[in-house]
Structures are given as C-alpha cells and as structure tokens.
Amino acid sequence: MDSETQIEIREGDDDKQIVTEIMARSFIPALITTVSWEGFHFAGYEIQITEAKDCYGAVVWPSALVLCYFLETNAKQYNMVDKNVIEIGAGTGLVSIVASLLGARVTATDVPELLGNLQYNISRNTKLKCKHLPQVKELSWGVALDRNFPKSSNNFDYILAADVVYAHPFLEELLMTFDHLCRETTIILWVMRFRLEKENKFVDRFKEVFDLEEISSFPSLNIKLYKAMKKNWRSA
Ligand SMILES: C[S@@+](CC[C@H](N)C(=O)[O-])C[C@H]1O[C@@H](n2cnc3c(N)ncnc32)[C@H](O)[C@@H]1O
C-alpha cells in the first residue's frame, strides 16, 4: 500500500470516529410524551428540541450537530462568553441554544413561519441556565436589513450558520446578509453540506467577498466547517 493511500485511510477513520462521536450527542427519549422531542447533549446540558416536521427548516440537520460539537470542543479558542452572536437560518435553534449555554449573547434568526417553534425551543432550553437570555428575531435574507439590523448598530463577534446553502433561490441574498452583518472583526463560522454543483458554486462566490478558511472536513457527511472574515476591509 503506498503512503498516500495510507493517509487517506487514516483520514477516513478519523472522520468516522469524530462523526460517530458527534452523532452520539443525539438521542430519542425513552418515554413517549404529549409533545414529541429529540434530545441532544451539549455544553453539559440535556437539550430538548421539538421539530415541526411539515416545515423544511424545522428539523435538526447534521450540520447543526457539527457546529454545536465544534463550539463545545473549541470553547477556549472560540470563546463564546459575553460575545455578541447572531445565527442565521437557525431552524429549530439548537446551535443558538448551545452558544447561549456557552455564555454568548445570542440573537437567533429565521423566516417568520419558524419563529414560534424557534422561540419555544430556545425558551425551554435556556431559561435559568444562561447568563444572557437569547433573543429571537425575524431575518429573511436580504429583506429590510437596514431597517431591522442597521449597520451602525451591528456589533457581532460571531455569525453562525449551519446548512444554509442548498437549492433555494436566495443565495445572493444570503451573501448580502452575511456581508451586511459583518464588521471588521466579525468571525463567521459556517458549516456547509455539499449536495449539488450549483449550490457548491456558492463557495466560490462567497470567496469573492470573504477570506475563507476550511477548519474541518467530514467526508462521510459531505460537510465542511469554514471560518470566514470580511476581505479587504482596510482598502474598502
Ligand atoms: C436546512 S435548514 C437548516 C436549519 C438549521 N440551521 C440546522 O442546521 O438544523 C435551512 C434554514 O434556513 C432557513 N432559510 C431558508 N431560506 C431562508 C431565507 N430566505 N431567509 C432566512 N432563512 C432562510 C430555513 O428556514 C431553515 O431554518
């Protein structure tokens, strides 16, 4: 066996081991309750997430688990305590909940139809457990950004995004939203699930505006975790 093949096999083993660890953070409750929920263990807490299965965003996607695991296991380097954090496309809210439990001041955002379920999950899992009570706010990509998130008052240390790129017609609006929410020092932590070529081209488009660094790759899930910061800030 040549050395390149050996390295590939080792990387595959590492991927499988970490993915197994990540997926082991989720569990199905043993007891049947009136409101069905899915459980997760992150940041030292049991988190109960209710999913609205008739709605595309209202299930927990593997990318969210990857981002939660990353935040928890890299809490020293990416310290969330007292940081201003916004999550876009928050869905059921798992990532926002974990960031809150890790000490961040979080704004969880999504389209209006998901906000009820998002607020429910966030309240249920953060009440009396978090230093800063998370906020839930509408943010439809590219819509009324100046009115709802005026650039002058945006001071986010982190923007979190899990699985926001797929076959939807708002990719330019998504890019515009990242750009609008970013200031010089804002760090974007973005987990991307690769599916089709068209959406994958978004990464190239994204690189026109942001410096993009791949932090982790999970080939068995077709998922990559990126860190990004605004490009050419000084010359802008
Ligand atoms: C695949 S889900 C991911 C949800 C969550 N981040 C996760 O990983 O579990 C995509 C999310 O993007 C949101 N989304 C889609 N189009 C949007 C838009 N135009 N503006 C704001 N959010 C949008 C959906 O409502 C949904 O919550």
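Please read all numbers here as calculations on a predicted model, not as lab measurements.

Examining the environment of N117
Looking at where N117 falls in the secondary structure, it is placed in helix α4 (residues 115–126). For the pair N117 and G93, spaced 24 residues apart in sequence, the C-alpha separation works out to 8.6 Å. What N117 contacts, discounting residues up to four positions off in sequence, is T50, E51, A52, A58 and T92. Only 3.0 Å separates the side chain of N117 from the backbone oxygen of T50, close enough to count as a polar contact.

Regarding the site of the ligand
The local shell around the ligand holds 19 residues, among which W61, G89, D110, W141 and A162 are the closest. Here W61 contributes a backbone N or O atom positioned 3.0 Å from an oxygen atom of the ligand. Between W141 and the ligand, the recorded distance is 2.9 Å, taken from a backbone N or O atom to a nitrogen atom. Expressed as a share of its isolated accessible area of 590 Å², the protein-covered part of the ligand is 94%. Across the shell around the ligand, the residue classes tally to twelve nonpolar, four polar and three charged.

Description of the nonpolar core
Residues F42, I47, L71, L94, L160 and L189 are the most contacted members of the largest nonpolar core, which totals 44 residues. Beyond its immediate sequence surroundings of up to four residues, L94 is in contact with F40, F42, I47, I49, V60, L65 and C68. Grouped together as the second largest cluster of nonpolar side chains are 26 residues, V164, I188, F206 and Y226 included.

Let's talk about the pairing of strand β2 (residues 38–42)
Extensive coverage of β2 is indicated by the burial of four of its five residues. Relative to β2, strand β1 (residues 26–27) runs antiparallel, the two sharing two bridges. Paired with S26 across the two strands is F40, which belongs to β2. As paired strands, β2 and strand β3 (residues 45–49) are joined by five bridges and run antiparallel to one another. Paired with F40 across the two strands is I47, which belongs to β3. Two successive antiparallel strands, β2 and β3, enclose a turn made up of two residues, where A43 displays a positive phi of approximately 55°.

Calculation criteria
Within any chain, residue numbers begin from 1 and follow the written order of that chain's sequence. The predicted origin of the model limits local features to residues at a pLDDT of at least 70 and limits the giving and counting of side-chain atom pairs to 80 or more, whereas totals for whole chains, interfaces and linings rest on all residues. Just so you know, side-chain values use all the structure's heavy atoms and leave hydrogens and water out. Helix and strand assignments follow DSSP, with helices taken as H or I runs no shorter than four residues and strands as E runs no shorter than two, numbered in order from the N terminus. Between two residues, a contact is recorded if the distance between any of their heavy atoms is within 4.5 Å. Pairs of N or O atoms within 3.5 Å make up the polar contacts considered here, provided that, within protein, one atom can donate a hydrogen while the other can accept it, and that residues adjacent in sequence are counted only when both atoms are side-chain atoms. The nearness test applies per residue and asks whether one of its heavy atoms lies within 4 Å of the molecule or strand. Accessibility throughout is a Shrake-Rupley quantity obtained with a 1.4 Å probe, and a residue counts as covered only by protein chains that appear here. Asp, Glu, Lys and Arg are counted as charged, while Ala, Val, Leu, Ile, Met, Phe, Trp, Tyr, Cys and Pro are counted as nonpolar; the rest, among them Gly, fall into the polar class. Definition of nonpolar core: a set of buried residues of the types Ala, Val, Leu, Ile, Met, Phe, Trp, Tyr and Cys, connected through side-chain atoms within 4.5 Å. Categorising residues by exposure relies on relative accessible area from a 1.4 Å probe, with only protein chains included: less than 20% of the type maximum marks a residue as buried, more than 50% marks it as exposed, and the intermediate range marks it as partly exposed. Paired strands, as defined in this entry, are two strands with at least two bridges between them according to DSSP.

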